[in-house]
Amino acid sequence: MYPDILMRKRNTRRGQVKMIETILVLLALVFFFGILVVFYSRFQLFEIQKLARDVEEERAASLLGKIIGMPELSCSVSFGSASEANCIDTYKLLALSKQRLKFEEEFEGLSEARIERIYPSPGPGAQGECTFGNNYPDNCAYWTMYKKGDSRISFDTFVTLCTQKGSAQYECEIGKIVVGVQDRGG
C-alpha cells in the first residue's frame, strides 16, 4: 500500500506540473497577444492622426482657393492684364479687412487670413498693419483679414497686389496670402 501512495503522489505532482506548464503557456500567449494588440492600436492611431492632418491640409488649401477667388477682393477690369492672375485690389482688401465677421460666417474653421507685402519690400518704417490713416499704401506691411486663435495648419501662396493710383494708372507688387485652420481637437 505504501508504494501505491507514492505512485499517486508522483502522478499528482506530474499532473500539477503539467497544469502549471499549461497555465504558464496560456499566460505567455495572452501576454504576447496583448502586446500585439497594443502595437496594432498604436499603428492605427498613427494612421488616423495622419488622415486627420491630411483632411485639415485639404481644408486649408480649399479655404485659400476660396479667398483668392472672392470677387470682393479681385482686381477690376480697369487693372488691365493684371486683373487676370490672382490679382487682389488693395483698396478692396483694406475695406474688407474691416469686415472680419464676414470671414467667420463664410469660412468655417478659419483661424487666420492675412496678406503680406513681399516685393518690393515695404521699407523699414512699414512694419504695421495697413490702415487708411498711416500714409496708405506706402507705409504698411500686411493686412489682417481675420485672426482667431492659433493655426494648426497654414497654407500660403503668392498673389498680385494692385493699387489704383489714378483713373488709368495702377501699381502692382507681389504679396503672399496666408490661410490657417483651427485645431479641431486632434
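Residues numbered from 1 in each chain as written. Predicted model: local features only at pLDDT ≥ 70, side-chain atom pairs only at ≥ 80, totals over all residues. Heavy atoms only, no water.

A. Up close: unusual backbone geometry. With an omega of -5°, the peptide bond running from Y119 to P120 counts as cis. Among the structural elements, P120 can be located in the loop between β2 (110-119) and β3 (142-147). (Helix = DSSP H or I, 4+ residues; strand = E, 2+ residues; numbered from the N terminus.)

B. Representation of the sheet that holds β2 within the structure. Read across the sheet, 5 strands follow the order β1-β4-β5-β2-β3 without closing on themselves; strand pairing throughout is mixed. Of all strands in the sheet, those with a lone pairing partner are β1 (87-89) and β3, marking the two edges. When strand polarity is set aside, the average angle formed by the axes of neighbouring strands in this sheet is 30°. In this sheet, β3 lies alongside β2 in antiparallel orientation, the contact comprising 5 bridges. When the bridges of β3 are listed, R114 appears paired with T144. (Pairing = 2+ DSSP bridges. Axes fitted to C-alpha atoms, helices over the stretch in contact; angles between N-to-C directions.)

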